[in-house]
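Topology and contacts: notes
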Amino acid sequence: RVLVAIRVEHGHDVEVDRFTKNLASLLKKGLDEHRFSQLILCAAPHVGGVLLNNLDKQVEQVLLTNIKKNFVEADTSVLTDYLKDNWWEIIRSNKI
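Overview of the structure. Everything numeric here is computed off the predicted structure, so don't read it as measured data.

What follows concerns the overall build of the chain. Looking only at helices and strands, the chain has four helices and two strands in total. Out of the 96 residues in the chain, the part that is buried amounts to 30%. By sequence separation, contacts in the chain at least 24 residues apart represent 70% of the contacts at least 6 residues apart. Of the accessible surface of the chain, which amounts to about 6800 Å², a share of 51% is contributed by carbon and sulfur atoms.

Turning our eyes to something else, we now look at helix α2 (residues 45–54). Here α2 has its buried residues at V47, G48 and L51. One face of α2 carries all of its buried residues, which in axial projection span an arc of 95°. Turned more than 90 degrees from where α2 packs its buried face, P45 and N53 sit exposed. Here the buried face of α2 lies against α1 (13–32) and β1 (39–42).

Two faces make up the sheet, and in a regular strand the side chains alternate between them. Counting buried positions along strand β2 (residues 63–67) gives five out of five residues, so the element sits mostly inside the fold. Across four bridges, the pairing between β1 and β2 is parallel. Residue C42 lies in a different strand from β2, and its bridge partner there is I67.

This part covers the nonpolar core. Judged by nonpolar contacts, the single largest core of 13 residues is most densely connected at L27, F36, L39, L55 and V59. Within the residue set of this core, elements represented by two or more residues are α1, β1, α2 and α3 (57–62). Per element, the largest residue contribution to this core is three residues, and it comes from α1. Those residues within four positions of L55 in sequence are excluded, and the remaining contacts are A24, L27, E60 and L63.

Turning next to the pattern of salt bridges. Scanning the model with the defined rule gives four salt bridges in all. Among the salt bridges present, the one from D17 reaches K21, with a minimum N-O distance of 3.1 Å. Residue D17 and its partner K21 are located together in helix α1, separated by four residues, close to a single helical turn. In this structure, K57 and E60 form a salt bridge, with 3.9 Å as the shortest nitrogen-oxygen distance.

Another aspect to go through is the packing of aromatic side chains. Following the criterion strictly, the structure yields one aromatic pair and no others. Note on F71 and Y82: the rings are 5.4 Å apart at their centroids and 55° apart in plane angle, and the pair reads as tilted. Within this pair, whereas F71 is found in the loop between β2 and α4 (76–92), its partner Y82 is found in helix α4, the two being separated by 11 residues in sequence.

Quick notes on the rules
- Just so you know, the residues in each chain are numbered from 1, in the order the chain's sequence is written.
- Side-chain atom pairs in this predicted model are given and counted only at pLDDT of 80 or more, local residue features only at pLDDT of at least 70, and totals for whole chains, interfaces and linings cover all residues.
- To obtain the side-chain values, all non-hydrogen atoms of the structure were used and water was disregarded.
- Only DSSP runs of H or I reaching four residues or more are called helices, and only runs of E reaching two or more are called strands; each is numbered from the N terminus.
- Whether a residue is buried, partly exposed or exposed follows from its accessible area with a 1.4 Å probe, protein chains only, as a fraction of its type maximum: under 20%, in between, or over 50%, in that order.
- Note on contacts: a residue pair qualifies if any of its non-hydrogen atoms lie within 4.5 Å across the two residues.
- Working definition of accessibility: Shrake-Rupley area with a 1.4 Å probe, residue cover restricted to the visible protein chains.
- It is the directions from the helix axis to the C-beta atoms that the arc portrays.
- Here, any two strands with at least 2 DSSP bridges between them count as paired.
- We define a nonpolar core as any set of buried Ala, Val, Leu, Ile, Met, Phe, Trp, Tyr and Cys residues linked to one another through side-chain atoms lying within 4.5 Å.
- Salt bridges, as used here, are contacts in which a Lys or Arg side-chain nitrogen is within 4 Å of a carboxyl oxygen on Asp or Glu.
- Side-chain rings of Phe, Tyr and Trp, where Trp is taken by its six-membered ring, are said to pair if the distance between their centres is within 6.5 Å; with planes under 30 degrees apart they count as stacked, over 60 as edge-to-face, and otherwise as tilted.

Shown next as structure tokens:
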């Protein structure tokens, strides 16, 4: 399990685009190296939307869900608890 939280401010389109392209590249590399087989995207809507546009098709295929919430300022336990509390909803809303 890997949790990555990076704060990206609104209004910095160039930085958001650069960040999401780099993250998309890292995700593709991780998939190619079999570091994960399923992916849950959890990002603020403005960042997640740009990231989705930059994802490789193979990464898109293993994406289980896109949670449009910002947990950057929260302790990692908040995200973990959210996933536990909402797991069945996540499963029902996706292709698992």
